[in-house]
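Descriptive structure summary
This is what each chain is made of:
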Amino acid sequence: MKRLSAFASGRLIVTLSGKGDTDEEKAADIEARSAELFADEENIISSYNGVFLIQYDSAEAAKEACERYSTLADIAEPDIGLAISDDEEVESEDTEPEPEYIETDTVMTEEDNPLTVLNDMISDDSETEPESDSAEDPRYDIALIDTGAPENDSVIKAVSMIGDSVEDDNGHAARMLDYILTENSNATVLSIKALDSSGKGDISAVYAAMEYAISQNVRIINLSLSAYATTENSVLAEAVKEAKEAGIIVIGAAGNYSSNAMYYVPGNIEGVLTAGSVSNDGTLIEMSNYGECVDYYIVSSSTSEAAARLSGWLSSHDISEILTDVGAVTDGLIYTAIQEGGQN
């Protein structure tokens, strides 16, 4: 049973999958299922491809609805907050940490929510942009889902899921872009703003950003952010699965909680390349998460930086070039295991 604090936003994300052999048949099945499931629901503010965003007036109402929908829908979960994975050192824990949900101040409406923005963007793009390139020839190297768009010639396009401004009013995205370009100065970047000036955002905004990145046929999606995991089968996991099926690499920060990455998204999601942080000699830095979920350990000062550097490196290299021998380091940057003194 999820804690009431997980429902602080008063908002749910509920998903329905459609049955059928064609997209049209699946869409029709979703429409029929949703009409029955939500017959008495007055709080839906938006939907996208079977994902429904529902805003209630209290955490209690959202929790009650989640318990009801969890047995009827494919996924029903609270729209929790996420935050940048930077400078958030806490005391080391080897056991499952107490849930600490990130609260945001977002109150969404039918006109102002990430799924409505996503629908509008995709509709506008279909009218103004040529059809996306093939997976072998992506339109952008990296989708940077973060706090906005730093001014840089490498940022080819910038959009926002959380308001009109695409600018980086936090500074985190600018740092992530610097790390990306340090590893590949020729990388082309699609900036998608999903986190606000405080470095926080909602699952729904990050989901919408990922869906937009998929629609734009990027090569890599960078997620230098983290949050306590509320469920194993989150809506983010569905977006990661969709990205993988489209041939897109998803890279996520392990998190800076000095804990096992299995307790945090996106690091614990199957299919994400999860980046932890180590010193030059391959020893885990004190605040980095660790564990079997972590695929690579990057020489860096935080797991946000680790994810960004790995994204930059992979935008100009093949993953098969990473050395896997014990103690080996690739380009002085990438380890596949923690050196003695760290936690495996």
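Because the structure is predicted, anything quoted here is derived from the model rather than measured. (Residues numbered from 1 in each chain as written. Predicted model: local features only at pLDDT ≥ 70, side-chain atom pairs only at ≥ 80, totals over all residues. Heavy atoms only, no water.)

Things to note about unusual backbone geometry
- Look at the link from V265 to P266: it is a cis peptide, with omega at 5 degrees.
- Secondary-structure assignment places P266 in the loop between β13 (264–265) and β14 (272–278).
- One non-glycine residue, N49, lies in positive phi territory at about 50 degrees.
- Tracing the backbone shows N49 in the loop between β2 (44–48) and β3 (51–55).
- Exposure remark for N49: the relative accessible area of 58% places this residue in the exposed category.
- Phi at D331 takes a positive value of approximately 55 degrees, unusual for a residue other than glycine.
- Within the secondary structure, D331 sits in the loop between β16 (329–330) and β17 (334–335). (Helix = DSSP H or I, 4+ residues; strand = E, 2+ residues; numbered from the N terminus. Buried < 20%, exposed > 50% of the residue type's maximum accessible area, 1.4 Å probe, protein only.)

A look at the pairing of β3
- β3 sits mainly inside the fold: five of its five residues count as buried.
- Pairing analysis gives five bridges linking strand β1 (residues 11–15) to β3, with the strands arranged antiparallel. The residue of β3 that forms the bridge with I13 is L53.
- Where β2 folds back onto β3 in an antiparallel hairpin, the turn is made up of two residues, including N49, whose phi is positive at roughly 50 degrees. (Pairing = 2+ DSSP bridges.)

Considering the sheet that holds strand β11 (residues 225–228)
- The four strands lie next to each other as β9-β5-β11-β13, forming an open sheet whose pairing is antiparallel. Two strands bound the open sheet, and with one partner strand each, they are β9 (200–202) and β13.
- Summarising the sheet, strand β5 (residues 81–84) and β11 pair through two bridges and their orientation is antiparallel. For A83, the partnering residue across the bridge sits in β11 and is S226.
- Against the sheet, helix α5 (residues 203–215) engages β5, β9 and β11, with an angle of about 80 degrees to β9. (Contact = heavy atoms within 4.5 Å. Axes fitted to C-alpha atoms, helices over the stretch in contact; angles between N-to-C directions.)

Topic: the side chain of D202
- Here D202 lies in strand β9.
- In this structure D202 comes out as buried when scored by relative accessible area, which is 4%.
- Setting aside residues up to four positions removed in sequence, D202 forms contacts with R11, D79, I80, G81, L82, T104, T106, M108 and A194.

Comments concerning the nonpolar core
- Counting 74 residues, the largest nonpolar core has L12, Y69, M161, I192, M210 and I221 as its most contacted members.
- Ranked by residues supplied to this core, first place goes to α5 with ten residues.
- Counting 28 residues, the second-largest nonpolar core is a separate cluster that includes L181, I251, A275 and W313. (Core = buried A, V, L, I, M, F, W, Y, C linked by side-chain atoms within 4.5 Å.)

So, the packing of aromatic side chains
- All told, the structure shown has four aromatic pairs when counted by the stated rule.
- A centroid spacing of 4.9 Å and a plane angle of 55 degrees characterise the contact between F38 and F52, whose relative ring orientation is tilted. On the criterion of sequence distance, the pair formed by F38 in the loop between α1 (23–37) and β2 and F52 in strand β3 is long-range, its members being 14 residues apart.
- A ring pair is formed by Y228 and Y264, whose centres lie 6.0 Å apart and whose planes are at 90 degrees; its orientation type is edge-to-face. (Phe/Tyr/Trp six-rings, centres within 6.5 Å; stacked < 30°, edge-to-face > 60°.)

Quick look at helix α4 (residues 172–183)
- With twelve residues, α4 ought to run about 16 Å at 1.5 Å a step, and its terminal C-alpha atoms sit 17 Å apart, in line with that.
- Turning to α4, its buried residues are H172, A173, M176, L177, Y179, I180 and L181.
- Each element contacted by the buried residues of α4 is listed here: β5, β6 (140–146), β7 (155–160), β8 (189–193) and α7 (303–314). (Expected span 1.5 Å × (residues − 1).)

Considering the pattern of salt bridges
- Using the criterion set out here, one finds eight salt bridges in the structure.
- D202 is paired through a salt bridge with R11; the nearest N and O atoms lie 3.3 Å apart. Placement of the pair is D202 in strand β9 and R11 in strand β1, with a sequence separation of 191 residues.
- Here the salt bridges do not stand alone but share partners, grouping R11, D79 and D202 into one network. (Salt bridge = Lys/Arg side-chain N within 4 Å of Asp/Glu carboxyl O.)

Thoughts on a negative patch on the surface
- A cluster of acidic side chains, namely D21, D23, E24 and E25, defines a negative patch on the protein surface.
- In this fold, E25 is placed in helix α1. (Patch = residues over 30% accessible without salt bridge, like charges linked within 9 Å, V, L, I, M, F, W, Y side chains within 5 Å. Areas by Shrake-Rupley, 256 points an atom, 1.4 Å probe, with all protein chains shown as cover. Lys, Arg positive; Asp, Glu negative; His and termini not counted. Charge placed at Lys NZ, Arg CZ, Asp CG, Glu CD.)

Side note on the environment of L181
- Inspection of the secondary structure assignment puts L181 in helix α4.
- Note on L181: relative accessible area 16%, which makes it buried.
- With 132 residues separating them along the chain, L181 and W313 place their C-alpha atoms 8.9 Å apart.
- In this structure, L181 is in contact with N152, S154 and A187, ignoring residues within four places of it in sequence.

Re the packing of α4 against α7
- α7 packs onto α4 with a crossing angle of 40 degrees between their chain directions and a minimal axis gap of 7 Å. Accordingly, the angle class assigned to the pair α4 and α7 is oblique. Note on packing geometry: the crossing formed by α4 with α7 is right-handed. Counted together, H172, M176, Y179, I180, T182 and E183 of α4 and S304, E305, A308, R309, G312 and W313 of α7 form the full contact between these two elements.
- Looking at the contact of α4 with α7 residue by residue, the class counts come to five nonpolar, four polar and three charged. (Parallel < 35°, antiparallel > 145°, perpendicular 65-115°, else oblique. Left-handed = near helix turned anticlockwise from the far one by under 90°. Nonpolar A, V, L, I, M, F, W, Y, C, P; charged D, E, K, R; others polar.)

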